[in-house]
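# Notes for the structure review
Given next are the chains, with one letter for each unit.
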Amino acid sequence: MRPTLLIVDDHPGFRSLARKLLEAGGFRVVGEATDGLGAVAIARELRPDVVLLDIQLPDIDGFEVTARLADGGTGPVVVLTSTRDRADYGERVERCGARGFIPKAELSGAALRAFLGSDRMG
Amino acid sequence: MSPRLRLAIALAALVAGLVNFVLLVRGGDGRPRPLAYLLITVVGVSWSFVAAGLVAWTRRPVNRTGALMVAVGLSYALLGLFFNAMVLAATPASFALWYLANSLPSGVIAHLLAVFPDGRATTRLQRVFVVANYVATVPLAVAQLLLVPLDRLGCAGCPDDLLVLGDGRPAGDAVLTVSNLSYVALGGLLLWIMLVRWRQASGPRQRSMAPVAVVAIVLVVAYVIREALETLVTSPSLLGALNLAVIVILMLWPLAFLAGLARMRLDRSAVGDLAVQLGEPLPPGRLEQVLARALHDPTLQLAYWLPDRDGFVDAAGRPVELPAEGGDRAVTILRHDGDPIAAMLHDAALDDDPELVRAVAATARMTIENERLQAEVRAQLEEVRASRARIVEFGDAERRRVERNLHDGAQQRLVNISLALGIARSQVGVASDREMAVALEEAAAELRLAVAELRELARGIHPVILSEAGLGPALAALADRSPVPVTVTAVPPGRLPSRVEETAYYVASEALANAAKHAKATAVSISARRLDGDLLVEVGDDGVGGADPDGSGLRGLADRVAALDGRLRVHSPTGKGTCITVELPCGS
């Protein structure tokens, strides 16, 4: 069974490319969101296995969305992404409760799958 | 007041006093009051009020206190003439005339005390009191004349009555009691008004008012006691003594007033002390305290004129607003050749002695001028500090903007290219050549957009055409790219110093951005030309106007222009478009 995925990013070009790439890479994309509040609402409704979450969003940022999605451990696996480097965000990536971080340029099905099935950050 | 009027009043009071004096001394035994009492009243009180009133009137013509004092003095002289006429004629009619005239001076005195020292009623209570006091005393006197046997009112040789109803006693007693109680009430009200005024008076005013206020309060208290006792006690000697006490205190009041004026005069010695203190160098900001002490006004504030700012600042360079006219605060402006150099903000009471304020200001002029220059330098320093901080802040904000543009624009596109190429690679050998071509073309299109965005961003940081070809071509290129139609009406020939060209370009590009973004303009015109060694740049649009010169955008422009010693003016009436004019010295 392919893991279900929600893509959250405000750039339509990135969303459509990421959808193609990750569907080819073994995921089933069940939804897309363009901002943080929309992401929280859609994630609660669709209950995807994984959320690919851009940090820079027009309303609340990706860290805040991650915290809201945690839901006491029953929430989806959250993987953050950004055009910036992980080092630009320091410890916030680890502290917010996300499973991991993938720079946008290095996004692939394999990179995302690497975070599944492990509880700790890869 | 004119000298002629002053002389006429003085002569009238003098002559009336002398006439009254002669008539009283030569008069028979028909007098209802002791001679000493009468002489003090119609000669002593009259002369002292007229004399002190004329001094006050001359010194401070706007303040009605002097005129009211003169009125008190003249009304007593007039009362004396009525009295002597009554004694000579010895008829009930002349007695009635004198009796009615009695209420005039007390009305004016109560008026004077209620509005002292401003000379005008400042509250509703004061106005009501003044009017009520004039109005109430007349009907009371009329009722007394009609209902009380005249001999009880003091007309020894008079027939029994004018119009005494019935046997006269109960009605007469009632009228006298009501009258006395009314006088007690009015006196008490006056006392209250005076105490409130005293408590509200400022330091300098309390200082000059102190002797006057003390005597006035004693006077009113004595008057109230006399009226109260009149209803209770019938001992003629006690009442006579109280009457004498009241009238002597009344005569002293103008002297107390003159003492208050003299006290201000004595302050002239403070000017000498001030001159000595100013002989030593003062630490900055100290001058204010020294002047405050010389004028006995701890609230005194000094403000220095800054021609650059077209306004006043304090010793630390902070802007100072002058108080509106007619309030508790007054302003004395010090000028040099007609131009303001400084302003003293002080208690309005000091306006009572403008010469003293002027003398103090003149003595401190050199020091004030010196402090003004220091304040000017400090104000400029503060402005430079603020603009330096703004320039640094602006630089930071600009770098943040470039970083954000790179991430959201070109870098996002490059990421997309990387993803698209990743997808294409995964399709090698799987997809058809045609599908591969489509995927690669997508990546190529994204790459072209990324290149265009990077070029735009680089031009935003520094337009190459400006350094390569100069201001004219750069403005033309700016106009070509603008979303709002732009007409460039004039450009300077040849090249200018690069700092000038860059600032002029920056002004035009910011003004253009504002016109498109905030002003909703449909047409913009730009002109840049040489004018007497300056570069004059004007950018006008037909937008909504109402631009805020202190908003961050225009503030940033002003700072950049100020860094080149240039001047920026913004004319932006609401609904009438915006015109930004900049003059930049070319330093050639």
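Please refer to the structure placed before this passage.
To start, this report covers the structure provided alongside it. Note that this is a predicted model, so its numbers are computed, not measured.

Before going further, it helps to spend a moment on the overall build of chain B. Looking only at helices and strands, one finds 19 helices and 10 strands in chain B. Here chain B holds 588 residues, and the buried ones make up 42% of them. Across chain B, every contact between residues at least 6 apart in sequence was considered, and the portion connecting residues at least 24 apart equals 66%. Carbon together with sulfur atoms contributes 62% to the accessible area of chain B, which is approximately 29,900 Å² in total.

The next subject is the overall build of chain A. A tally of regular secondary structure across chain A gives five helices and five strands. In chain A, the order of α-helices and β-strands from amino to carboxyl end is β-α-β-α-β-α-β-α-β-α. Out of the 122 residues in chain A, the part that is buried amounts to 48%. Within chain A, residue pairs in contact and separated by at least 24 positions form 58% of the contacts whose partners lie at least 6 positions apart. Accessible surface for chain A amounts to roughly 5,700 Å². Of this, 48% is attributable to carbon and sulfur atoms.

Another aspect to go through is the environment of B:Pro492. In this structure, B:Pro492 sits in the loop between β6 (486-490) and α18 (498-517). It is 9.5 Å that separates the C-alpha atoms of B:Pro492 and B:Gly470, two residues lying 22 residues apart in sequence.

Another aspect to go through is the side chain of B:Ser48. Residue and element names in this part refer to chain B. Mapped onto the secondary structure, Ser 48 falls in helix α2 (residues 35-59). Since its relative accessible area comes to 14%, Ser 48 is described here as buried. A distance of 3.3 Å separates a polar atom in the side chain of Ser 48 from the backbone oxygen of Met 251. With near-sequence residues (within four places) excluded, Ser 48 lies in contact with Met 251 and Pro 254.

The subject of this paragraph is the interface of chain A and chain B. With 12 residues of chain A in contact, the opposing surface of chain B contributes 13 residues. Carbon and sulfur atoms make up 61% of the surface buried where chain A meets chain B, a total of about 1,200 Å² over both sides. When residues of chain A are sorted by the area they lose upon contact with chain B, A:Leu17, A:Thr83 and A:Arg84 head the list and together hold 45% of the total. There are two salt bridges connecting chain A and chain B. The closest approach of N and O atoms between A:Arg84 and B:Glu403, which form a salt bridge, is 2.7 Å.

For the rest of this paragraph, the subject is the pairing of β6(B). Residues and elements named next belong to chain B. The sheet contact formed by β6 and strand β7 (residues 524-531) spans four bridges and is parallel. Bridge pairing in β7 links Thr 487 to Ser 525. The β-α-β motif built from β6, the intervening α18 and the parallel element β7 has left-handed crossover chirality.

Residues and elements named next belong to chain A. Across the sheet, five strands lie side by side as β2-β1-β3-β4-β5; this open sheet has parallel pairing. The open sheet has two edge strands, β2 (28-33) and β5 (100-103), and neither has a second partner. Taken over all neighbouring pairs, the strand axes of this sheet differ in orientation by 25° on average, direction set aside. Pairing analysis gives five bridges linking strand β3 (residues 50-54) to strand β4 (residues 77-82), with the strands arranged parallel. Within β4, the position partnered with Leu 53 by the bridge is Leu 80. Most of the contacts of helix α1 (residues 12-24) go to β2, to which it runs at about 165°, and overall it touches β1 (4-8), β2 and β3. Most of the contacts of helix α2 (residues 36-46) go to β2, to which it runs at about 145°, and overall it touches β1 and β2.

Turning to the packing of aromatic side chains, a few remarks are in order. Overall, the coordinates contain 10 aromatic pairs over all chains when judged by the stated rule. Between B:Phe49 and B:Trp253, the aromatic rings sit 5.9 Å apart at their centres with planes inclined by 10°, giving stacked as the arrangement. Here the residue B:Phe49 occupies a position in helix α2, and B:Trp253 occupies one in helix α10 (residues 236-266), the gap between them amounting to 204 residues. Classification of B:Trp253 as buried rests on a relative accessible area of 1%. In textbook terms, an aromatic cluster arises when at least three aromatic residues are bridged by ring pairs, as seen for B:Phe49, B:Phe116, B:Trp253 and B:Phe257. One Lys or Arg, A:Lys104, reaches over the ring of A:Phe14 and ends 4.4 Å from the middle of that ring. Lying over the aromatic face of B:Tyr506, B:Arg560 brings its terminal NZ or CZ to 4.0 Å of the ring centre.

Right, let's get into the sheet that holds strand β4 (residues 329-336) of chain B. Residue and element names in this part refer to chain B. The sheet built from five strands is open, its strands ordered β3-β2-β1-β5-β4 with antiparallel pairing. Across the chains shown, the open sheet's two edge strands, defined by having one partner strand only, are β3 (319-320) and β4. Judged from the four bridges that link them, strand β1 (residues 301-306) and strand β5 (residues 339-347) form a sheet pairing that is antiparallel. The residue of β5 that forms the bridge with Leu 302 is Met 344. Its contacts with the sheet put helix α12 (residues 286-294) on β1 and β5, and the angle it makes with β1 is roughly 130°.

Next up on the list: the nonpolar core. Residue and element names in this part refer to chain B. Among the nonpolar cores identified, the biggest contains 57 residues, and Phe 49, Tyr 76, Leu 113, Phe 129, Leu 190, Leu 250 and Trp 253 are the most heavily contacted of them. Excluding residues within four positions of it along the chain, Phe 49 makes contact with Met 69, Val 70, Val 72, Gly 73, Leu 112, Leu 250, Trp 253 and Pro 254. Core analysis: the next-biggest nonpolar cluster, separate from the first, contains 33 residues, Ala 479, Ala 521, Leu 564 and Leu 584 among them.

With a phi close to 50°, B:Asp532 is a non-glycine residue in the positive phi region. With respect to the secondary-structure elements, B:Asp532 resides in the loop between β7 and β8 (534-541).

With that out of the way, let us pick up the pattern of salt bridges. Counted by the stated rule, this structure contains 24 salt bridges over all chains. Via salt bridges that share partners, B:Glu383, B:Arg390, B:Arg555 and B:Asp559 belong to a single interconnected network.

Bringing the side chain of B:Ser103 into the picture now. Residues and elements named next belong to chain B. Of note, Ser 103 is situated in helix α5 (residues 103-115). Looking at Ser 103, the relative accessible area reads 15%, which means it is buried. Contacts of Ser 103, omitting those with residues within four sequence positions, involve Thr 137 and Val 138.

Residues and elements named next belong to chain B. Packing of α18 against helix α19 (residues 552-563) leaves a shortest axis separation of 10 Å and a crossing angle of 165°. The angle between α18 and α19 places the two elements in the roughly antiparallel class. Handedness of the α18/α19 crossing: left-handed. Two secondary-structure elements touch here, α18 through Arg 499, Thr 503, Tyr 506, Val 507, Glu 510 and Asn 514 and α19 through Leu 554, Leu 557, Arg 560, Val 561 and Ala 563.

Procedures and definitions
- Going along each chain's sequence as written, the residues are numbered from 1 onward.
- Labels are handed out in written order, letters beginning with A for the chains and numbers beginning with 1 for the ligands.
- Totals for whole chains, interfaces and linings use every residue, but because this is a predicted model, local features are given only for residues with pLDDT of at least 70 and side-chain atom pairs only at 80 or more, for both listing and counting.
- No hydrogens and no water enter the side-chain calculation; it runs on all heavy atoms of the structure.
- Helix and strand assignments follow DSSP, with helices taken as H or I runs no shorter than four residues and strands as E runs no shorter than two, numbered in order from the N terminus.
- Think of it in three bands: with a 1.4 Å probe and only protein chains considered, a residue is buried below 20% of the maximum accessible area for its type, exposed above 50%, and partly exposed in between.
- Note on contacts: a residue pair is in contact if any heavy atoms of the two residues lie within 4.5 Å.
- Each accessible area is a Shrake-Rupley estimate made with a 1.4 Å probe; only the visible protein chains count as cover when residues are assessed.
- Polar contacts, as counted here, are pairs of nitrogen or oxygen atoms within 3.5 Å of one another; within protein the pair requires one atom able to donate a hydrogen and one able to accept it, and residues that are adjacent in sequence qualify only if both atoms are side-chain atoms.
- Once two parts are put together, the accessible area they lose, assessed with a 1.4 Å probe and summed over both, is termed the buried area.
- When a carboxyl oxygen of Asp or Glu lies within 4 Å of a side-chain nitrogen of Lys or Arg, that pair is called a salt bridge.
- Strand pairing follows a simple DSSP-based rule, namely that at least 2 bridges must link the two strands.
- Consider the strands pointing away from the viewer: the crossover is right-handed when the path from the first strand over the helix to the second runs clockwise.
- All axes are obtained by fitting lines to C-alpha atoms, using only the stretch in contact for helices, and the reported angles, taken between N-to-C directions, cover 0 to 180 degrees.
- The pairing test for Phe, Tyr and Trp rings, Trp by its six-membered ring, is centres within 6.5 Å, and the orientation test on the planes gives stacked under 30 degrees, edge-to-face over 60, and tilted for anything in between.
- Lysine and arginine charges are scored as sitting over a ring when NZ or CZ, respectively, is within 6 Å of the ring centre and within 35 degrees of the ring normal.
- For this analysis, a nonpolar core means a set of buried residues of the types Ala, Val, Leu, Ile, Met, Phe, Trp, Tyr and Cys, connected via side-chain atoms within 4.5 Å.
- Should an angle lie under 35 degrees it is considered roughly parallel, over 145 roughly antiparallel, and from 65 to 115 roughly perpendicular; all remaining angles are considered oblique.
- Each helix crossing is assigned a hand: it is left-handed if the near helix lies turned anticlockwise from the far helix by less than a right angle, otherwise right-handed if that turn is clockwise.

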